[in-house]
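Close look at the chain arrangement
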Amino acid sequence: YNREYFFWMGRQFMMRENYPEAIRILNALLRFDAKAYEGYFLRGIAKYNLGDLRGAKKDFDRSVRINPVFTSGYHYRGITESRFGNYDQALADMQKAIDLRPGYIGLYFSRGVTYFLSQQFENAVKDFDKYIRKEPKDPSAYLNRGASWLFLGDTLKAVADYNKAIRLDRFDPEGYIRRGRLYATQKRHDLAIADMDKAIGL
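Before going into details, it helps to say that this report is about the structure given with it. Model, not experiment: these values are computed from the prediction.

1. As for the packing of aromatic side chains
Considering all chains together, one arrives at twelve aromatic pairs under this definition. Ring geometry for F6 and F32: centres 6.1 Å apart, planes at 40 degrees, overall tilted. Highlighted residues: F6 in helix α1 (residues 3-15) and F32 in helix α2 (residues 19-32), separated in sequence by 26 residues. On the basis of relative accessibility, which here comes to 55%, the residue F32 falls in the exposed class. Taken together, the aromatic side chains of Y37, F41, F60, F70 and Y76 make up a single cluster linked through ring pairs. Note that R101 overlies the ring of Y104, its terminal NZ or CZ placed 4.7 Å from the centroid.

This is the structure in structure tokens:
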């Protein structure tokens, strides 16, 4: 039994997005070593990617039960809870992860999305602000912050964020779709149609 070999093989299959084979390898690892919290975590990610959210949550539960200071376990369990609509639990998990590793900037993006889904738009904006300060070239952060501004009724800031997302990645149709929808609500139909044409072209 070579623990590192099983980890390495599991990661290789994960990188190739061969999640069933990754699960098979990680099952073998966990039969030999029931305390391998990273094995449960990786298997949870594989299950999540296959749409098995319940199985993923159980594996993330095990990972943090074995290692109570395992930031990634709380982070991804929070994401999974958010998918179930359990926003309070999701936010509690993300807060725990942030308390453990406040410098891990991806946590603020995930929590911003959870705040958005739970309609806490002001908190969502604050978290996307923190994320953007460290990752100013991630278009998805501007798309999400723009959507939050829209729900807060600030169309000028929403358009500015959609414009920034489009400048950062002009080949992603999502920015044009969102900006086009906003233009349509403002009855700026020529601009809306131009954006939708661009999105369809892409």
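2. Points about the nonpolar core
Residues F109, Y131, A141, A158, Y162 and L182 are the most contacted members of the largest nonpolar core, which totals 27 residues. With sequence-adjacent residues up to four places away left out, F109 is seen in contact with F128, Y131, D138, S140, A141 and N144. Grouped together as the second largest cluster of nonpolar side chains are 22 residues, M9, L29, Y40 and F41 included.

3. Regarding the pattern of salt bridges
Per the stated rule, a full pass over the model turns up 15 salt bridges. The closest approach of N and O atoms between E81 and K57, which form a salt bridge, is 3.8 Å. Highlighted residues: E81 in helix α5 (residues 71-84) and K57 in helix α4 (residues 53-66), separated in sequence by 24 residues. Exposure remark for E81: the relative accessible area of 5% places this residue in the buried category. Taking relative accessible area as the criterion, K57 reaches 23% and is therefore assigned partly exposed. As a salt-bridge pair, D195 and R179 come within 2.7 Å of each other at their nearest N and O atoms.

So, how was this worked out
Residues numbered from 1 in each chain as written. Predicted model: local features only at pLDDT ≥ 70, side-chain atom pairs only at ≥ 80, totals over all residues. Heavy atoms only, no water. Phe/Tyr/Trp six-rings, centres within 6.5 Å; stacked < 30°, edge-to-face > 60°. Helix = DSSP H or I, 4+ residues; strand = E, 2+ residues; numbered from the N terminus. Buried < 20%, exposed > 50% of the residue type's maximum accessible area, 1.4 Å probe, protein only. Lys NZ or Arg CZ within 6 Å of the ring centre and 35° of its normal. Core = buried A, V, L, I, M, F, W, Y, C linked by side-chain atoms within 4.5 Å. Contact = heavy atoms within 4.5 Å. Salt bridge = Lys/Arg side-chain N within 4 Å of Asp/Glu carboxyl O.

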